[in-house]
Every structure is written in structure tokens, then in C-alpha cells.
Amino acid sequence: MSEIPEISRQLRSLVKSSGELVLSIQDSKVAPPRANEVLLKVEASPINPSDLALLLGYSDISKAEYSGTESDPIVTAPINPKLMPALAARINKSMTVGNEGAGLVIATGESDEAQALMGKTVAGLGAPMYNQYRTLKVHQCLEMHPGVSSKQAAACFVNPLTAMGMVETMRLEGFSALAHTAAASNLGQMLQKICLIDNVPLVNIVRKPEQEQILRAIGATYVCDSSKDTFPMDIQNAIVDTKAYVAFDATGGGRLTNDILAAMERAANAVAGASDHYGSTQHKQVYIYGGLERSDTMLKRNYGFQWGLGGWLLTPFLQKVGRERTAELRQRVANEVTTTFKSNFSQEVSMAGALAAEALNAYSKQSTGQKYLINPSL
């Protein structure tokens, strides 16, 4: 085993009982890899919405205060007292952050599987990835093909497996097409590419004309802009054409989930040519898998009785399909990481740079086209 560093710098998030979020960079001890483990020098880790939930802890970043030094910044931001009960489990506990990333294996344990990764670029799954060095079990790693960089491999798990998981869920539940909101995101673009390759009809739902153009440029047939007055008819017509009676909603709050279910019902009735007091016989399903909109989910229930609304998360899905299928999905990501599953990043920053006011205010808004990448090695 190669000589390994003793200390690793890592980004940490603390919610104080006084109602403040504190972000800082701290030292931690490096855990030497055991038999079936490797030590990764982390060179790239994306800031995903799932990371932001833990990183920012419902704080008001617009009111943040910045202190410390350039290399050791400290960010303090207030949290609305009404939101503190939802954070009870993490109060006064310093949390590590970063669910996925990629880098170079610089040391390994004694097992043949671990040693086979020595010197390789691998993607890694499991916090903390906003960390200079990360000890991982072999099964948490995905080896990249020669020539693939850490930046290209940084987002190999969350978005790619979520996008493929949506298509798998669609098939498992007997549907033949699907709809997706926040569709111009990195995840949404991956999903569109998958559906084109796999010949799956996809209805993309966006909220701005420029987002529609992003999807049209990669071959999307159905793109519905919720900001247009024609949106209710546009999405109804798209569902009539595609039979997309299952949808995945990244927004969660507001009326969009309701609007999708209502459009599905109108489409089903248009196809059948009739309806009755209990609505259509077509089952309609929406899964909420994100929380871009924090307001309450509003339902009018004007779509009969054959409908369902639930939550969807990647980890339970992978547990459901089992290790063998998960391995097949992971290998597809490795094979297509520079094509189907290519991620686009607007900025690459160090951990200290991620706590700078300009960067923090930008990525905390979760705007399309503003995806940040942390390089802990900078």
C-alpha cells in the first residue's frame, strides 16, 4: 500500500440550536483503506439538489454573513424558527456533505479487487465527497474507461441512475411512456437521451422558452412550457400522442402535480371519447422525487378516482431491482459517461470557493444551467 496522507480537509455543515447555519472547512483524519477498500484523492464532486438540502439546512442564504480567511472561510446564515423542528435530528451536529464524486485511487487494501483499482480514475458514491481524500469500499466505486477524467466521471451515480430508474419504474408498472418536470436540467437531458436511444416516448415539461430550446437541440419531440397560456392543451395533446400516464415531478410543491394529473385525465377521456361520474378507467400516476418548489402540494382532485401520488427515491428503487440489475445500470453509465450521461457544469470551484458569496448565491438558487462542481484538490 502506498504512503497516504494523515489529514484531509472537508466541508462541513452545522445547524446550531440558536437557529443558525454554519458552513466551514475542517481537518479530519484519513482512514487507511482496509482489505477491500481504496483511498480516493477526490478531484471532482457535483453540487446536486440532494446535497443542497443537507448543505444549506433551510437557511436564508441571502442574509448570510461571511468571515474567516480566504482559505478557511466561514459562512453563517439564519434559519426561520418555523423550520427548525424539521431539522431537529441534526441540531448541533457537524455534518459532512457530498454524495458522489470522482478521483484517483492512490492507495488500496490487500484484496485483489481493491488492488486492481490502484492508479485508476473511479467514480465514488457516499458522503463525504466534499473532502480531499475519501476511503471507500470497492462496491462504492465505479471504474472508468481509460481517458475518462474525474470531471467527466464526477456525476456518475445520482442523476444517471435516477434517470434510468424512472424508465425502469415506468416499465415495471406497465406504462409505455412518461413525463418529466424540470426537464432541461442535467438529469432531464440525460433522461431525454436515454428515451431516444431506448425508443421511449417522453413528455418534457419546462418553464422557460430557452429551456425548450435546450431539449429541442438534443432531439426532444414533446416539450411543454408551463409559462405559456397554451400549456394545458399542449400537455394534454402530448399525453394523447404518447400515452404518458406516469410522471416524475422534481418541483413537488404548488399546482404542477395537479395540472399533470388533470391533463392525463383529459387525455384519457379524449382517447376514450367519453367519461362518467367516476372519471376515466385509465390509471394515472405522479411521483414526486424533488423539492424545487417548497410550497404545499395543491390537489383539486378533478381527475376521477384512478390516480396515484407518491414519492420516489433512488436508493429504495435500487434495492427493489436488486444487485444484478443495479450492476447492469452502473456499467451502462461507465460505458456512456461521455455521451448519454455527460454532465455540464457552469463553474468549477475549490471547497473554499464554494463558500464564497458569489458562488453560494448562484448554486443555492438551483437554476437550470448553473450547476457547480467542487474540486477538493484545488
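Residues numbered from 1 in each chain as written. Predicted model: local features only at pLDDT ≥ 70, side-chain atom pairs only at ≥ 80, totals over all residues. Heavy atoms only, no water.

### Observations concerning the overall build of the protein
Right, on to step 1. Assigned secondary structure in the protein consists of 11 helices and 20 strands.
Right, on to step 2. Principal axes of the C-alpha set define a box for the protein whose edges measure 70 × 50 × 35 Å.
Right, on to step 3. For the protein, contacts bridging at least 24 residues in sequence account for 72% of all contacts bridging at least 6.
Right, on to step 4. Mean positive and mean negative side-chain charge positions of the protein (35 and 36 charges, respectively) differ by 3 Å. (Helix = DSSP H or I, 4+ residues; strand = E, 2+ residues; numbered from the N terminus. Contact = heavy atoms within 4.5 Å. Lys, Arg positive; Asp, Glu negative; His and termini not counted. Charge placed at Lys NZ, Arg CZ, Asp CG, Glu CD.)

### What to know about helix H8 (residues 256-272)
For an α-helix, 3.6 residues make a turn, and residues three or four places apart therefore share a direction.
Right, on to step 1. Taking 1.5 Å per residue, 17 residues should reach 24 Å; H8 reaches 24 Å between its end C-alpha atoms and fits that length.
Right, on to step 2. In terms of burial, H8 is a largely internal element, 12 of the 17 residues being buried.
Right, on to step 3. Turning to H8, its buried residues number three or more, namely Leu256, Thr257, Asn258, Ile260, Leu261, Ala262, Ala263, Met264, Glu265, Ala267, Ala268 and Asn269.
Right, on to step 4. Gly273 lies just past H8 and shows a positive phi near 80 degrees. (Expected span 1.5 Å × (residues − 1). Buried < 20%, exposed > 50% of the residue type's maximum accessible area, 1.4 Å probe, protein only.)

### Thoughts on the pattern of salt bridges
Right, on to step 1. A full pass over the atoms with the stated rule returns 16 salt bridges.
Right, on to step 2. Among the ionic pairs, Arg9 bridges to Asp72, the shortest N-O distance being 2.1 Å. Pair noted here: Arg9 is in strand E1 (residues 7-16) and Asp72 is in the loop between strand E4 (65-68) and strand E5 (73-78), with a separation of 63 residues, a long-range link.
Right, on to step 3. Exposure remark for Asp72: the relative accessible area of 32% places this residue in the partly exposed category.
Right, on to step 4. Residue Glu348 pairs with Lys151 through a salt bridge whose shortest N-O separation is 4.0 Å. Linking Glu348 in strand E19 (residues 347-349) with Lys151 in helix H3 (residues 150-153), this pair joins segments that are 197 residues apart in sequence.
Right, on to step 5. The class of Glu348 is partly exposed, set by a relative accessible area of 36%. (Salt bridge = Lys/Arg side-chain N within 4 Å of Asp/Glu carboxyl O.)

### A look at the state of the cysteines
Right, on to step 1. In total, this model carries 0 disulfides according to the counting rule given.
Right, on to step 2. Of all cysteine sulfurs in the structure, the one in Cys156 sits closest to Cys141, which takes part in no disulfide; the separation is 12 Å.
Right, on to step 3. On the accessibility criterion, Cys156 (1% relative accessible area) is buried. (Disulfide = S-S within 2.5 Å.)

### Some words on the nonpolar core
Right, on to step 1. Of all hydrophobic cores here, the largest spans 59 residues; its most connected members are Met144, Cys156 and Leu178.
Right, on to step 2. The element contributing the most residues to this core is H8, with 8 residues.
Right, on to step 3. Once you skip the residues sitting within four places of it in the chain, Cys156 turns out to touch Glu100, Ala123, Leu142, Met144, Val333 and Val337.
Right, on to step 4. Within the second largest apolar cluster, 29 residues are counted, among which are Ile61, Tyr130, Met351 and Leu360. (Core = buried A, V, L, I, M, F, W, Y, C linked by side-chain atoms within 4.5 Å.)

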